[in-house]
Structure formats: structure tokens, C-alpha cells
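What follows is the residue order along each chain.
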Amino acid sequence: MYTDYWGLKSLPFENVPDPRFYFPSSQHEEGLHRLLYAVTQRKGAAMLTGEVGCGKTLLSREFLGHLRDDRFNVALITNPDFPAQQFLHEVLYQFGIDTTGSRKVSMLHRFNEHLLNNDERQIQSVLVVDEAQAISDEQVLEELRLLLNFQRNDRFLLTLVLLGQPELREKLWAIPQFAQRIGIQYHLMPLEPAEVDRYVKFRIQAAGRSEELFDPEAVQVISECSKGIPRVINNLCDLCLLSGCLAKASRIDADLVRMVARNGYFSTPVSTVIHG
Ligand SMILES: Nc1ncnc2c1ncn2[C@@H]1O[C@H](COP(=O)(O)OP(=O)(O)OP(=O)(O)O)[C@@H](O)[C@H]1O
Ligand SMILES: [Mg+2]
């Protein structure tokens, strides 16, 4: 463990969706505010897509942290690749509704009652589906679309929030009657180089160290190797801190980053960066 060596209170570059490490980049904030707008204004559906490892899941946790328990009833499905018959069960289960032995019609009735009951108490019901690109049964998408029919004359009783990799957009665009109903959308791209610098500094600070650790040139190499993808930045920075500790370095410089990058899997063929 290198935390003591670098004067850190915790590991700064863990790939877990811990909102304490949420870096409010301009894109993440835009995505977050669109999702919050969708639920506070009781829209029917919102979709956040983004490149692999760019922060959709972490952003969803940050988003959930903004939803007060007394105003929102949230169900989260993190692995939605169920057969269609089981999907509705899973949705109800995540809302805490008993489904034992229920047939589809009575499940839908119970769900409707649950949503109406929430609505009467001025609680908005929110269903968040992460990894929605992994839904392989088209009937499940149809089930999701039908959930948007739970509405009153002037508002939706349920807000559906879909998160997924870029294929999700294509999947939904192929179903216009669904895609058209998703009024709020956003796509997360990798971080810009200037943001990579702020990202690295932010995470070091969030882990309890106020002085900088990476040389500016080192951050430049990290930015090139990772193409700005946070998950890859994390992997690379973590290994740099480990190697730097073993080498008793006082800071992380560009040579050390290149050495670490040469020996690992990062999104750019490292040779182009090292010899470029
Ligand atoms: N805005 C951010 N602030 C801090 N860390 C971030 C941010 N975005 C991403 N990360 C880091 O990158 C890691 C990967 O992000 P995350 O798992 O949210 O990506 P994803 O888009 O859901 O990926 P996948 O497409 O594989 O599901 C996170 O665990 C987190 O540590
Ligand atoms: Mg994810």
C-alpha cells in the first residue's frame, strides 16, 4: 500500500462509483443537471449514454444522492439483461412491491397502485436502468416503453432513466416510438486534456493530500495514453503511484508514466506515445 508513502488518507484512483471522488467536469455536470431536470419536472424518460469508462455509473450515483427520500421513490436496476417475463418482476421487486405468484396483469395493477399512491403523497417514482445497452431481449425494451404509459393527464407517474454505452442509442433509435419519448438525452465523452489535469489534482485532494503529485508533463502523457477516459486514467495513475513508491520517487514525472504505460493495457497503443 502506497498511501502512507504519498501522504494520502485513501487510495485516490479506485474504479468504484464513490460519489466522494466525483469530479464535476463540465460534461458530467451537464449530464447530471439534465437527469435532475427530468425527474424534478416529472418527464417520462431520460437517457444518458457515453463511451465505456467515462463515468455514467458514477454520475448515476451522484444523481441518486441528490434525490431526497421524502420526494423520490427510486428503483435501480444495474443488470437489466433479464428475459421479458422476469423483467417486470425485477422492476417491482426493486420498488419493494411483493410479486410472489403474480401474473402479469395483477403485477401491472399493483405497480399502478404503487405509482398512484406515491403521486398522492407528492413522491415521484423513478426507475434507473444502468447498462441498458446489455438488454438483449427486444421485448424488454417494449416493456420499458409501455411503462411510460403510466401517466395522469398532466404528468408522468414514473420517470425512466436509461444509462448505457453508445449502442444503446442505436438500439433505441431503431424503435422510433420509444426514442421519440425520450425528451432528455446526453452523451458523455472522454475528458479534454485540461480537464485530465484538474481531474488528477481533484482526486489526489479528495484522497487527502493537498500538494500536487504529478508533474505537468506527466499529466500530459497520462492524458495522451488514456485518451481522457477516466477509468483508464485511474488505472494508469494508480500504477504510477505504486511504481513511484517502490522507486522512492518524490513526485511522478513523465518518464515514470511512460515506463508504467509501456507495461500495461491502456487505450492507446503505448508505443505511439513513447516514441512519438
Ligand atoms: N466525473 C468523474 N469523477 C471522478 N471519477 C470519475 C468520473 N467519471 C468517471 N470516473 C471514474 O472512472 C471510473 C469508471 O467510471 P464508470 O464506471 O462510471 O464508467 P461507465 O461510463 O459507467 O463505464 P461502463 O460503460 O463500462 O459502464 C469510475 O469508477 C470513477 O472512478
Ligand atoms: Mg457503468
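Residues numbered from 1 in each chain as written. Chains lettered and ligands numbered in written order. Predicted model: local features only at pLDDT ≥ 70, side-chain atom pairs only at ≥ 80, totals over all residues.

Student: In this structure, what is going on with the overall build of the protein? I would like to understand it.
Tutor: Of the regular secondary structure elements, the protein holds 13 helices and 5 strands. Buried residues in the protein amount to 37% of all 276 residues. Put simply, 75% of the contacts in the protein that link residues at least 6 apart link residues at least 24 apart. (Helix = DSSP H or I, 4+ residues; strand = E, 2+ residues; numbered from the N terminus. Buried ≥ 20, exposed ≤ 12 C-beta atoms within 10 Å, placed from the backbone. Contact = placed C-beta atoms within 7 Å.)

Student: Would you mind going over the confidence of the model for the protein with me for this structure?
Tutor: Predicted coordinates in areas of low pLDDT are best not read in detail. Residues at a pLDDT of 70 or more form 96% of the protein, whose mean pLDDT is 93. Throughout residues 269–276 the model reports pLDDT below 50, and contacts reaching past four residues in sequence, or to other chains, amount to 10 contacts. (pLDDT = per-residue confidence, 0-100.)

Student: So what exactly am I meant to see when it comes to the site of ligand 1 here?
Tutor: Of all residues adjacent to ligand 1, which total 20 residues, the nearest are Phe 23, Gly 55, Lys 56, Thr 57 and Pro 230. Of all the secondary structure elements, the ones that give two or more residues to the shell around ligand 1 are α3 (56–65) and α11 (230–246). Of the residues in the shell around ligand 1, the class split is 9 nonpolar, 9 polar and 2 charged. Among the domains, domain 1 (26–188) and domain 2 (191–274) are the pair contributing at least three residues each to the shell around ligand 1. (Near = placed C-beta within 6 Å. Nonpolar A, V, L, I, M, F, W, Y, C, P; charged D, E, K, R; others polar. Domains from an automatic or database assignment.)

Student: Explain the nonpolar core to me, please; I cannot follow it from the model alone.
Tutor: Burial of nonpolar side chains together is a common tendency in soluble globular proteins. Grouped together as the largest cluster of nonpolar side chains are 68 residues, with contacts concentrated most on Val 161, Leu 162, Ile 222, Leu 236 and Val 257. At 6 residues, the largest contribution of residues to this core is made by α11. Residues from two domains meet in this core; each of domain 1 (26–188) and domain 2 (191–274) gives at least three. Every residue in contact with Ile 222, bar those within four places of it in the chain, is listed here: Val 196, Val 200, Ile 233, Leu 236, Cys 237 and Val 257. (Core = buried A, V, L, I, M, F, W, Y, C linked by C-beta atoms within 7 Å.)

Student: How should the sheet that holds strand β4 (residues 158–164) be read in this particular structure?
Tutor: Each strand in a sheet pairs with its neighbour through backbone hydrogen bonds, running either in the same direction (parallel) or in the opposite one (antiparallel). Taken in spatial order, the 5 strands line up as β2-β3-β4-β1-β5 in an open sheet, and their pairing is parallel. Each having just a single partner strand, β2 (72–77) and β5 (184–188) make up the two edges of the open sheet. Each adjacent strand pair in this sheet contributes to an overall mean axis angle of 15°, direction not counted. Two strands pair when backbone bridges link them, and strand β1 (residues 45–50) and β4 are joined in this way by 5 bridges, in the parallel orientation. Across the sheet, residue Thr 49 finds its bridge partner in β4, namely Gly 164. The strands that helix α2 (residues 26–40) touches are β1, β2, β3 (124–129), β4 and β5; relative to β5, the one it contacts most, it runs at about 160°. (Pairing = 2+ DSSP bridges. Axes fitted to C-alpha atoms, helices over the stretch in contact; angles between N-to-C directions.)

Student: How should the pairing of β1 be read in this particular structure?
Tutor: Remark: a regular strand shows side chains that alternate across the two faces of the sheet. Counting buried positions along β1 gives 6 out of 6 residues, so the element sits mostly inside the fold. Inspection of the sheet shows β1 paired to β5 by 5 bridges, in the parallel sense. Note that in β5 the partner of Leu 48 across the bridge is Tyr 186.

Student: Hey, could you run me through the domain arrangement of the protein in this one?
Tutor: How big an interface is tends to be expressed through the accessible area that disappears when the partners come together. As far as domains go, the protein holds domain 1 (26–188) and domain 2 (191–274). Between the C-alpha centres of domain 1 and domain 2 the distance comes to 36 Å. With 4 residues of domain 1 at the interface, the matching set in domain 2 holds 4 residues. When its residues are assigned to classes, the side of domain 1 that touches domain 2 shows 1 nonpolar, 2 polar and 1 charged.

Student: Could you clarify how one ought to interpret the packing of α2 against α3 in this entry?
Tutor: Two quantities define a packed helix pair, namely the angle between the axes and the distance from one axis to the other. Between α2 and α3, whose axes approach to 10 Å, the crossing angle comes to 50°. In this view, α2 runs oblique relative to α3, as classed from their interaxial angle. Handedness of the crossing formed by α2 with α3: right-handed. Residue-level contacts link His 28, Gly 31, Leu 32, Leu 35 and Leu 36 of α2 to Leu 59, Glu 62 and Phe 63 of α3. (Parallel < 35°, antiparallel > 145°, perpendicular 65-115°, else oblique. Left-handed = near helix turned anticlockwise from the far one by under 90°.)

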